[in-house]
Amino acid sequence: MEFGSFRILLCIITLWFGNLIIQAQQTTKTSAFLYDQLDHFIQKPSNSEALRLSKMIAHKKDQLYTKADQLAWVIVNCNLGYYLNQFNQKPTAILYYETAWKTYYENGLIDYDIIENCLQPLGNIYTEVGDLPKAETTIKNYLYLAEQSKDTSKIISGITNLSIVYNNQGNHLEALEILKKGLNIHPNSINLLTNTATNYLDSGDYEKAKVYANKVITIDSNQINAYQILAATALEKKELKKAQDYITQARFQLLKNKNTSARAIVKWQLAYIDVLLSKSEFEEIQKNLKEIYTSLLPGYSINADLPSKEHLIADRLLLKALDIHAYTYQQTKRPLLAIAAFDLAFDVNSKLNIIYPLQDTQVIQHSQNRNRTEAYIDLLFTIHQTKKDEKYSMQAFRAAEYSKSPFVNKALISKKVLSQYKNDSLVSNKNRLNAALTWYETLILKEKLKGKGARISQIQKWTIAHDTTSIALKETLKKLRHTYPKLLQHQNNISIPALQKKLKKDHTTLIEYFYGNRNIYQFIITQDSFEIKKIENPQYFKSTIKKYIHYFDNASIITSDIPEFTKNAAELYNVLKIPRKSKKLLIIPDGLLYFIPFETLLLKKTNSINFSKMSFLIRSAEISYEISAGKYLRSNPKKLQKKTVLGVFPVFENTEKELSFSKNESKSIQYYFNGDFIENEQATYQRFIKLAKEHDIIHLSTHAESGNFSRPASIQFRDQDILVNQLYGTQLNANLVVLSACETGVGKLAKGEGPISIGRGFHYAGVENILLSLWKVNDKTTATVMKNFYQNLNHSIPKATAIHRAKLDYLDMENISNIKKSPYYWAAFVYYGEIKHSYSLSYFWYKIGIVLFILIILLLPRFFQNKT
């Protein structure tokens, strides 16, 4: 036995040493192989050779056993990133640089200039493709590292590049502030002085822009950007001859340099086109645009005016060129070609969105795309008016619809599709990374909110972790899109016949608004009609809306001057052009209209001060809301499966935040529904997350805030405040969430995406149906409205109808004073979600009558047969 045991031990040791030898051999082979392949590529770099190299090294990703292997992997990926950027393959270049940075950071590598070879170029490419949040975090990462090592040249480089990001974000004051710090270190830095001139130009201080641009030329007369800045300042002053001279000088300096890149020439051409536009030289503009397409798109034929869809790439310079092309077609009275140019621009924008992993970047990019959408709809509306062809108005609707809450819609579709593949490791990995990403975002944000007490080193640590997590999430999302193409479903055009069919089934009229910078459009769709309206006098429209929103700032504003309120409520009803005969309305709001409670509008002026007698819209129509017509069309109302409630009631007893009527609210819900009702100290966030998956309905009776410019919207649990960002990483399966708290539908307004509110956070987490509030609600009256709502819901009344009747019940209650029947008290809660047709009582008895009649007909022969 002892000899046998010894032999077994000897075998194990032999195998162990054997594995070490094999691993050491593989290690030597791995790093040597990677360097050999890189040397071969560098001898003759090209697109095809880059593709060959990536394929050759792919299998080595899982054989990086030592620091030497890992460093070789970093170096190869940095080189691939560098050359692919030179070949104008920016999205692919980003992927290789991200791989290099992730490997370097996660393995704690040293002895390699990661700033110079990876982070600097990566930050610059992020800026070029418009991923500004990623650019900012990447540049701040290496700026922090440079400051720690006191590397002045890299500090100046970091400040320069960060100022470009701030400029692109429109934060000119912040850019100028950081540039001032840089100039204190290096007063004659060409890049710092040029960026200072650029920020003065973009902020409207043309004299200072001119001073700094001339200072740059004094130091180095070959600086192209300085001449372009001077040309732009001349254009602003309508000095066209000077502008032409400066832009010509910039071109001269550009062509002097033999190493000038194609992109640098494109940037000059775009600046030159600005001069040409001021002179309306459209033929010369067309010529330059063709040259730009030739430079950016290898497959473009100069014989064509516009590039083909299949040749498009994710490139912001291309996007700008297409926008200019659309504008020139408009100016030269060729609207259909302008439409074609806009369509191509939308395609490029979609390609850019795919490479943005962060929601913040997508929202910023979408805001810019909304301006393009507005110009597109303006054009289509004009064509529709001229040609009287409905296809153009329908195309305008699809454009407006495509711009409606695209990222919430994408999140909801993603959850629905991926819920079928819960056991897929890709899906679970995506959920894990998404949760981690939002967790880091929250940690960073909460630390920054401490102001001067914030720990910079800790923020930096979390920022790097956030950065590497977002890279991993981006890789996972790319694989998911390839595996499950249905994830791109949100990009499909909406079918108007299918929409009308559903509206017929639901006996509903859909009203969708597009709230632009210049114009407001309204689309009214019923089962058998489609109409587009342009709301005249947009400035009056916007001022009327803003005035009406302020009526709900506090309880006393309406009651202090009821006649003035009723006048404005009737006025806004007419301005919004709401159809009078519709019994059920589905409102798709936009812009400031998200904050309007349509139920409170008056069908006609009144001299009455009795709220219960007023002709509120709620008296004549059941109103519900949706974030998009597409979401409404996808909805498939189902019965509640468990019909149980998770009620969360922190109450906050014996504090300034106490919600004394919250307990009454809890008792009234428990009277109608079973479930888990957690109160006081039990109402923690972790307990909420643990119980949320077990119930169809989630009810949160607590405090919430809409946030401000620096702090996002939040909702309070007993133990902590939860920021809206945290909800993005949560996976919820509830059929309905009731947010019985203040301002849960209010937040910073993002163009097209709507308010970045707590309600939106729950939508993003996967909840299709939400009841949310538009202002600071009253604790007592909220409890009454909620009691009515749950009573209706218990009787199997559809959700939209249940809240509609709950409000009417409140208005008709005799024991409530007239003051407390002000819309402020009953109209705060609005419902976003599915609509289910509910039959009226008369219709119910009509159906019963038919059934009885059929039974009588069937039984009569048998009755007479028995008689005989």
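Residues numbered from 1 in each chain as written. Predicted model: local features only at pLDDT ≥ 70, side-chain atom pairs only at ≥ 80, totals over all residues. Heavy atoms only, no water.

## Some words on the state of the cysteines
We apply this condition: Here, two cysteine sulfur atoms that lie within 2.5 Å of each other are counted as a disulfide. In this scheme, a residue with accessible area under 20% of its type's maximum is buried, one over 50% is exposed, and one in between is partly exposed, where area comes from a 1.4 Å probe on protein chains only.
A full pass over the atoms with the stated rule returns zero disulfides. Here Cys 78 stays free of any disulfide, with the sulfur of Cys 118 as its closest cysteine sulfur at 4.3 Å. Residue class for Cys 78 comes out buried when judged on its relative accessible area of 3%. Here Cys 118 falls in the buried class, since its relative accessible area comes to 0%.

## Some remarks on helix α7 (residues 152-169)
Selection criterion: Strands are runs of DSSP state E lasting at least 2 residues, helices are runs of H or I lasting at least 4, and numbering of each runs from the N terminus. In this analysis, the expected span of each helix is defined as 1.5 Å times one less than the number of residues it contains.
With 18 residues, α7 extends 26 Å between its outermost C-alpha atoms, agreeing within 8% with the 26 Å of an ideal straight helix rising 1.5 Å per residue. Taken together, the buried positions of α7 are occupied by Lys 154, Ile 155, Ile 156, Gly 158, Ile 159, Thr 160, Asn 161, Leu 162, Ser 163, Val 165, Tyr 166 and Asn 167. Downstream of α7 by a residue or two, Gly 170 has a phi angle that is positive, lying close to 85°.

## Regarding the environment of Ser 157
Inclusion rule: Whether two residues are in contact is decided by their heavy atoms: any pair within 4.5 Å suffices.
Tracing the backbone shows Ser 157 in helix α7. Taking the C-alpha atoms as reference points, Ser 157 and Ala 338, 181 residues apart in sequence, are found 40 Å from one another. Not counting residues up to four positions away in its chain, the partners in contact with Ser 157 are Gln 120 and Tyr 142.

## Thoughts on empty space enclosed by the protein
To find leftover empty space, one rolls a probe the size of a water molecule over the atoms. How we decide: Cavity means a closed set of points on a 1 Å grid over the protein atoms alone, one where a 1.4 Å probe fits but cannot get out, pocket means an open set with protein on both sides within 12 Å along at least 5 of 7 lines, and lining means a residue has an atom within 4 Å of a point. Grid points are joined across faces, edges and corners, and a volume is the space filled by probe spheres set on the points. Each residue gets one label: Ala, Val, Leu, Ile, Met, Phe, Trp, Tyr, Cys and Pro are nonpolar, Asp, Glu, Lys and Arg are charged, and the others, such as Gly, are polar.
Counted by the stated rule, this structure contains four cavities of 30 Å³ or more. In this structure, the largest cavity is lined by 13 residues; those nearest its centre are Tyr 594, Ile 627, Pro 755, Ser 757 and Arg 760. At three residues, helix α31 (residues 758-764) tops the list of elements feeding residues into the lining of the largest cavity. Its residues assigned to classes, the lining of the largest cavity comprises six nonpolar, five polar and two charged.

## Quick notes on the packing of aromatic side chains
For clarity, the threshold we go by: Pairs were defined over the aromatic rings of Phe, Tyr and Trp, the Trp ring being its six-membered one, requiring ring centres within 6.5 Å. Orientation was assigned from the angle between planes: stacked under 30 degrees, edge-to-face over 60, tilted for the rest.
Going through the model one piece at a time under the given rule, you end up with 35 aromatic pairs. On the basis of an interplanar angle of 85° and a centroid distance of 5.3 Å, the ring pair of Phe 41 and Tyr 83 is categorised as edge-to-face. On the criterion of sequence distance, the pair formed by Phe 41 in helix α1 (residues 2-43) and Tyr 83 in helix α3 (residues 67-86) is long-range, its members being 42 residues apart. For the residue pair Phe 41 and Tyr 83, the accessibility class agrees, reading buried in each case. Through pairs of rings, three or more aromatic residues link up here, namely Tyr 548, Tyr 551, Phe 552, Phe 565, Trp 775, Tyr 824 and Tyr 825.

## Considerations on the sheet that holds strand β11 (residues 721-723)
Operational definition: When DSSP finds at least two bridges between two strands, those strands are taken to pair.
Taking strand neighbours across the sheet as the criterion, the three strands line up as β9-β10-β11 in an open arrangement whose pairing is antiparallel. The outermost strands of the open sheet, each flanked by one partner alone, are β9 (704-705) and β11. Sheet topology places β9 next to strand β10 (residues 714-716); two bridges connect them, and they run antiparallel. Within β10, the residue paired with Ala 704 across the bridge is Ile 715.

## A short note on the packing of helix α12 (residues 240-256) against helix α13 (residues 262-278)
Selection criterion: To define axes, lines are fitted to C-alpha atoms, for helices over the stretch in contact only, and angles between the resulting N-to-C directions are given on a 0 to 180 degree scale. Angle categories are assigned with fixed cut-offs, so that under 35 degrees is roughly parallel, over 145 is roughly antiparallel, 65 to 115 is roughly perpendicular, and the rest are oblique. Two helices that cross are described as forming a left-handed crossing if the nearer one is turned anticlockwise from the farther one by less than a right angle, and a right-handed crossing if clockwise.
Packing of α12 against α13 brings their axes to within 10 Å, and their N-to-C directions diverge by 165°. Of the possible angle classes, the one that applies to α12 and α13 is roughly antiparallel. The element α12 and its partner α13 pack so that their crossing is left-handed. Residues Leu 240, Ala 243, Gln 244, Ile 247, Ala 250, Arg 251 and Leu 254 of α12 form the contact with α13, whose participating residues are Ala 264, Ile 265, Trp 268, Ala 271, Tyr 272, Val 275 and Ser 278. A breakdown of the residues in the contact of α12 with α13 according to their chemical character gives 11 nonpolar, two polar and one charged.

## Overview of the environment of Ser 419
Among the structural elements, Ser 419 can be located in the loop between α19 (406-418) and α20 (425-448). For Ser 419, a relative accessible area of 35% corresponds to the partly exposed category. Taking the C-alpha atoms as reference points, Ser 419 and Asn 733, 314 residues apart in sequence, are found 9.8 Å from one another.

## Observations concerning the packing of helix α9 (residues 190-202) against helix α10 (residues 206-219)
Closest axis-to-axis distance for the α9/α10 pair is 7 Å, and the angle between their directions is 160°. It follows that α9 is roughly antiparallel to α10 by the angle criterion. Helix-helix and strand crossings are classified by hand; for α9 and α10 the assignment is left-handed. Taken together, the residues of α10 that come into contact with α9 (itself represented by Ile 190, Leu 193, Thr 194, Thr 196, Ala 197, Tyr 200 and Leu 201) are Tyr 206, Lys 208, Ala 209, Tyr 212, Ala 213, Lys 215, Val 216 and Ile 219. In terms of residue class, the contact of α9 with α10 is built from 11 nonpolar, two polar and two charged.

## Thoughts on the pattern of salt bridges
Rule in force here: We define a salt bridge as a side-chain nitrogen of Lys or Arg found within 4 Å of a carboxyl oxygen belonging to Asp or Glu.
Applying the stated criterion across every chain yields a total of 35 salt bridges. Measuring nitrogen to oxygen at the nearest pair gives 2.6 Å for the salt bridge that ties Glu 653 to Lys 663. Placement of Glu 653 in the loop between β6 (644-649) and α28 (662-672) and of Lys 663 in helix α28 is noted, with a sequence separation of 10 residues between them. On the accessibility criterion, Glu 653 (29% relative accessible area) is partly exposed. Across the pair Lys 799 and Glu 834 runs a salt bridge, and its minimum N-O distance is 2.9 Å. Separated by 35 residues along the polypeptide, Lys 799 in helix α33 (residues 799-812) and Glu 834 in the loop between β16 (829-832) and α35 (841-867) bring together distant segments of the chain.

## Considering unusual backbone geometry
The backbone of Asp 111 shows a phi angle near 60°, a positive value even though the residue is not glycine. Residue class for Asp 111 comes out exposed when judged on its relative accessible area of 71%. Notably, Ser 405 is not glycine yet its phi reads approximately 40°, a positive angle. By the element assignment, Ser 405 lies in the loop between α18 (390-402) and α19. On the basis of relative accessible area, Ser 405 is assigned to the buried category, the value being 2%.

## Observations regarding the nonpolar core
Just so we agree on the cut-off: We define the nonpolar core as a collection of buried residues of types Ala, Val, Leu, Ile, Met, Phe, Trp, Tyr and Cys that are connected through side-chain atoms lying within 4.5 Å of one another.
With 141 residues, the main nonpolar core has Ile 114, Phe 397, Leu 499 and Leu 510 as its most contacted residues. It is α3 that provides the largest number of residues to this core, a total of 10 residues. The residues touching Phe 397, leaving out its near neighbours within four places in the chain, are Ile 494, Ile 496, Leu 499, Glu 512, Phe 523, Ile 525, Phe 530 and Ala 629. Ranked by size, the runner-up nonpolar core spans 113 residues in total, among them Ile 549, Val 651, Met 786 and Trp 826.

## Some details on α20
Where we set the bar: What qualifies as a polar contact is a pair of N or O atoms within 3.5 Å, subject to a donor-acceptor requirement within protein and to the restriction that residues adjacent in sequence count only when both atoms come from side chains.
Along its 24 residues, α20 runs 34 Å from first to last C-alpha, staying within 8% of the 34 Å computed at 1.5 Å per residue. Every buried residue of α20 is listed here: Leu 426, Val 427, Lys 430, Leu 433, Asn 434, Leu 437, Thr 438, Thr 442, Leu 443, Ile 444, Leu 445 and Glu 447. Each element contacted by the buried residues of α20 is listed here: α19, α21 (456-483), β11 and α30 (724-728). Capping of α20 at its N-terminal end is provided by Asp 424; its side-chain oxygen lies 2.8 Å from the backbone amide nitrogen of Leu 426.

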